[in-house]
Amino acid sequence: MSLLIRNGRVITAVDDYHADIFVEDETVTLIGRDLDVEADRTIDAAGRLVIPGGVDPHTHMDMPFGGTTSADDFETGTRAAAFGGTTTIVDFAIQTKGHSTLEGLETWHEKAAGKAGIDYGFHMIVTDMEDDRLWEMRRLADEGVTSYKMFMAYPGVLYVDDGTLFRAMRKAGEDGTLVCMHAENGIVIDEIVKIALAEGKTSPKYHALTRPTRMEAEGVHRSIAIAEVAGVPVYIVHLSCADALEQVTLARARGAQVFAETCPQYLFLDLSRYDHEDFEGAKYVMTPPLREKWNQDHLWRGLGFGDLQSISTDHCPFCFHDQKVLGIDDFSKIPNGAPGVENRMSLVYNGGVVGGRLSVNKFVELTATAAAKLFGLFPKKGTIAVGSDADIVVFNPDRRETISANNPHTHHMRVDYNTYEGTEVQGVSEIVISRGRVVVEDNIWHGRAGGGNFLKRGLFGGPF
């Protein structure tokens, strides 16, 4: 099916112009003014922005954690992502400790195949990596899994020691791949948690109060130092605070290949969400936790100055009534994570472009292009250009919506609350196109489970 998008204002990370876009065979084949072509369908985008489909490089669909599993699987989660204007996700396959990473990859292929409604790739979460298994990392890269995530948090579950970290980083550097780091000092944090529980401090707010920003900053500093010695580029995930950002900024200033993302929750929500006397604060139990509000200005400045390259969601939803309650008497047992994959594009446009903090080009860079470049998907994804996949969003920059779990225009995630409940946003994805197929229009899902393809990603492309 061919598609012609007329009269739109085309925005990429570097472009801003009015043109028509012609799509056939899933790719953009022609861009120009007043195109004289026949198409099976024509969309009039007058008064709208025409932007690349969003790329969310950090989601957790169908992820086991804390005795339960994240509420969105690859069918419901990717559908919700599409409603919000995201057309590509990079999720996390998990190595079971003591088992092969290749087994983990196969498990996640089985989770996603036949379910994902948009295109997807995988990072590999490495939980152990002995010398006799290092060859698997090259094999993973050959399979298109060209980034790995390791945890300095969650001892006994996902945590890896510094020796494992260095060993895997060195191999990743040799192979031209990228290491993603969950950077917190989990060993010290666990000690702080034990003290809090012993003192009878069990409510959700103590999840935040036992994970100080200095422990995130220490983890960022240590992961960067090890990566520099190992000779590998490092990407800090879900950076939440000024302390941690300072370490990234210092490292980049001396020329280290360090990249980082933040998430909407750290840009729009703050520590006060945990102040509820009842269990409501459990909705915001995520790791890292929400921080004091003043950190938000530092994060926005980091985005504007280029020390933070991308905005992901860390989408990992757990239902409040059925899952979060596992920790009703002990904050350390509350499943860590929150929903957000559907609301990212509107939130960032509203807070960034409408709020005067970002240009419209920077908005596209932060929500699509940078992640595509960092994770081996560009220019197939993350831009609008001849030859690129026709992942396109017709975005209304003037339309307003109030985000709510009760608003069918803003909530298609399979979870019983919305992290941004009651937030009014300006800027809404109205028509969403995945590889030339209209998958969302008029708030109706036109895609299908299994319509998304697994993406074999390229090697790390270097600084940009």
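You'll find the structure just up there.
Note that the coordinates shown come from a computational prediction; the quantities given were computed from them, not determined experimentally.

A look at the nonpolar core
Ranked by size, the top nonpolar core spans 115 residues in total, and within it Ile-51, Met-150, Met-169, Met-181, Ile-236, Leu-239 and Phe-363 carry the most contacts. Per-element tally for this core: the top contributor is helix H7 (residues 213-230), with 6 residues. If we ignore the near neighbours within four places in the chain, the residues touching Met-169 are Met-150, Val-179, Met-181, Ser-223, Ile-226, Ala-227, Ala-230, Val-232 and Val-234. Among the nonpolar cores identified, the runner-up in size contains 17 residues, and Val-10, Val-23, Ile-43 and Ile-392 belong to it.

With respect to the environment of Val-28
Within the secondary structure, Val-28 is located in strand E3 (residues 27-32). For Val-28, a relative accessible area of 1% translates into the label buried. Residues Val-28 and Ile-433, 405 residues apart in the sequence, show an inter-C-alpha distance of 12 Å. Discounting chain neighbours no more than four positions away, the residues touching Val-28 are Ile-21, Phe-22, Val-23, Ala-385, Val-386, Gly-387, Ser-388, Asp-389, Ala-390 and Ile-392.

Let's talk about the pairing of strand E18 (residues 437-441)
Burial of E18 is extensive: 4 of the 5 residues sit out of reach of the surface. Judged from the 4 bridges that link them, strand E17 (residues 424-434) and E18 form a sheet pairing that is antiparallel. Its bridge partner being in E18, Ile-431 is matched across the sheet by Glu-441. Hairpin connection from E17 to E18: 2 residues lie between these consecutive antiparallel strands, with Arg-435 at a positive phi of about 45 degrees. With 2 bridges joining them, E18 and strand E19 (residues 444-445) adopt antiparallel strand pairing. Along E19, the bridge assignment pairs Glu-441 with Ile-444.

Details of the packing of helix H11 (residues 344-354) against helix H12 (residues 360-374)
Where H11 contacts H12, the two axes come as close as 10 Å, and the packing angle between them is 145 degrees. For the pair H11 and H12, the crossing hand works out as right-handed. In this structure, H11 uses Arg-344, Met-345, Val-348, Tyr-349 and Val-353 to contact H12, whose residues at the interface are Val-360, Phe-363, Leu-366 and Thr-367. Its residues assigned to classes, the contact of H11 with H12 comprises 7 nonpolar, 1 polar and 1 charged.

Section: the sheet that holds strand E10 (residues 119-125)
In spatial order, the strands read E6-E9-E10-E11-E12-E13-E14-E15; together these 8 strands make up an open sheet with parallel pairing. Two strands bound the open sheet, and with one partner strand each, they are strand E6 (54-59) and strand E15 (310-311). Relative to strand E13 (residues 234-236), H7 is tilted by about 170 degrees, and along the sheet it contacts strand E12 (178-182), E13 and strand E14 (258-262). Across the face of the sheet, helix H8 (residues 242-253) comes into contact with E13 and E14 while running at roughly 150 degrees to E14.

Some words on the side chain of Asp-56
As for its position among the elements, Asp-56 is in strand E6. For the buried Asp-56, no salt bridge exists, and the shortest N-O distance to an oppositely charged side chain is 4.3 Å, to Arg-344. Polar side-chain contacts of Asp-56 include one of 2.6 Å to the side chain of Thr-313. Not counting residues within four places of it along the chain, the set of residues in contact with Asp-56 comprises Thr-86, Thr-88, Ile-89, Val-90, Ser-312, Thr-313, Val-341 and Arg-344.

Let's talk about helix H1 (residues 74-83)
Of all 10 residues making up H1, 8 are buried, and the element is well covered by its neighbours. If you check which residues of H1 are buried, you get Phe-74, Thr-76, Gly-77, Thr-78, Ala-80, Ala-81, Ala-82 and Phe-83. Capping of H1 at its N-terminal end is provided by Asp-73; its side-chain oxygen lies 3.0 Å from the backbone amide nitrogen of Glu-75. Directly after H1, the chain includes Gly-85, whose backbone phi takes a positive value near 100 degrees.

Here's the deal with the side chain of Gln-323
Counting through the fold element by element, Gln-323 comes out in the loop between E15 and H11. A distance of 2.7 Å separates a polar atom in the side chain of Gln-323 from the backbone oxygen of Thr-69. In contact with Gln-323, not counting residues within four places along its chain, are Thr-68, Thr-69, Ala-71, Pro-317, Phe-318 and Pro-335.

Quick notes on empty space enclosed by the protein
Space left empty within the atom packing is revealed by a probe, the size of a water molecule, rolled over the atoms. Evaluation of the coordinates by the stated rule reveals 2 cavities of 30 Å³ or more. One number sums up the size of the largest cavity: a volume of about 140 Å³. Taken together, 15 residues form the lining of the largest cavity, with His-60, Tyr-154, Thr-287, Asp-314 and Asn-336 sitting closest to its centre. Broken down by class, the residue content of the lining of the largest cavity amounts to 7 nonpolar, 6 polar and 2 charged. One number sums up the size of the second largest cavity: a volume of about 30 Å³.

Looking at the environment of Glu-246
Here Glu-246 is to be found in helix H8. Classification of Glu-246 by relative accessible area gives partly exposed; the value is 42%. Distance in space between the C-alpha atoms of Glu-246 and His-298 is 9.3 Å, their sequence separation being 52 residues.

With respect to unusual backbone geometry
A cis amide bond links Thr-287 with the next residue in sequence, Pro-288, at an omega value of -5 degrees. For Pro-288, the position within the fold is in the loop between helix H9 (264-268) and helix H10 (295-305). In this model, Phe-378 is joined to Pro-379 through a cis peptide bond whose omega is 5 degrees. The topology assignment puts Pro-379 in the loop between H12 and strand E16 (392-402). Backbone geometry at Asp-442 places phi at a positive 55 degrees, although glycine is not the residue there.

Re the pattern of salt bridges
Under the counting rule described, the total for this entry stands at 36 salt bridges. For the salt bridge of Glu-441 with Arg-41, the shortest nitrogen-to-oxygen distance reads 2.6 Å. Of this pair, Glu-441 sits in strand E18 while Arg-41 sits in strand E4 (residues 41-44); the two residues are 400 residues apart in sequence, bridging distant segments of the chain. For Glu-441, a relative accessible area of 15% gives the class buried. Where Asp-119 meets Arg-435, a salt bridge forms, and the shortest distance between an N and an O atom there is 2.9 Å.

Cut-off values and rules
Every chain is numbered on its own, with residues counted from 1 as its sequence reads. Residue-level local features of this predicted model are given only where pLDDT is at least 70; pairs of side-chain atoms are given and counted only at 80 or more, and the full residue set underlies all totals for whole chains, interfaces and linings. Based on all heavy atoms of the structure, the side-chain values leave hydrogens and waters out of the count. The definition of a nonpolar core used throughout is a set of buried Ala, Val, Leu, Ile, Met, Phe, Trp, Tyr and Cys residues joined through side-chain atoms within 4.5 Å. The classification of residues rests on relative accessible area computed with a 1.4 Å probe and restricted to protein chains. Under 20% of the type maximum is buried, over 50% is exposed, and intermediate values are partly exposed. Numbered from the N terminus, helices here are DSSP runs of H or I no shorter than four residues, and strands are runs of E no shorter than two. Whether two residues are in contact is decided by their heavy atoms, any of which lying within 4.5 Å being enough. Pairing between strands requires that DSSP locate at least two bridges from one strand to the other. Angles run from 0 to 180 degrees between N-to-C directions of axes, and those axes are lines fitted to C-alpha atoms, restricted for helices to the stretch in contact. Note on convention: the crossing is left-handed when the near helix lies turned anticlockwise from the far helix by less than a right angle, right-handed when the turn is clockwise. Here the term charged refers only to Asp, Glu, Lys and Arg, the term nonpolar to Ala, Val, Leu, Ile, Met, Phe, Trp, Tyr, Cys and Pro, and the term polar to all other amino acids, Gly among them. His is not counted, nor are the chain ends, whereas Lys and Arg count as positive and Asp and Glu as negative. Salt bridge, as used here: a side-chain nitrogen of Lys or Arg that lies within 4 Å of a carboxyl oxygen of Asp or Glu. Two N or O atoms form a polar contact when they lie within 3.5 Å of each other; inside protein one atom must be a possible hydrogen donor and the other a possible acceptor, and for residues adjacent in sequence the pair counts only when both atoms belong to side chains. Here a cavity denotes grid points, spaced 1 Å and computed from the protein atoms alone, that fit a 1.4 Å probe unable to get out, and a pocket denotes an open set having protein on both sides within 12 Å along at least 5 of 7 lines; residues with an atom within 4 Å of a point are the lining. Grid points are joined across faces, edges and corners, and a volume is the space filled by probe spheres set on the points.

Everything listed here is a matter of geometry and, on its own, says nothing about what the molecule does.
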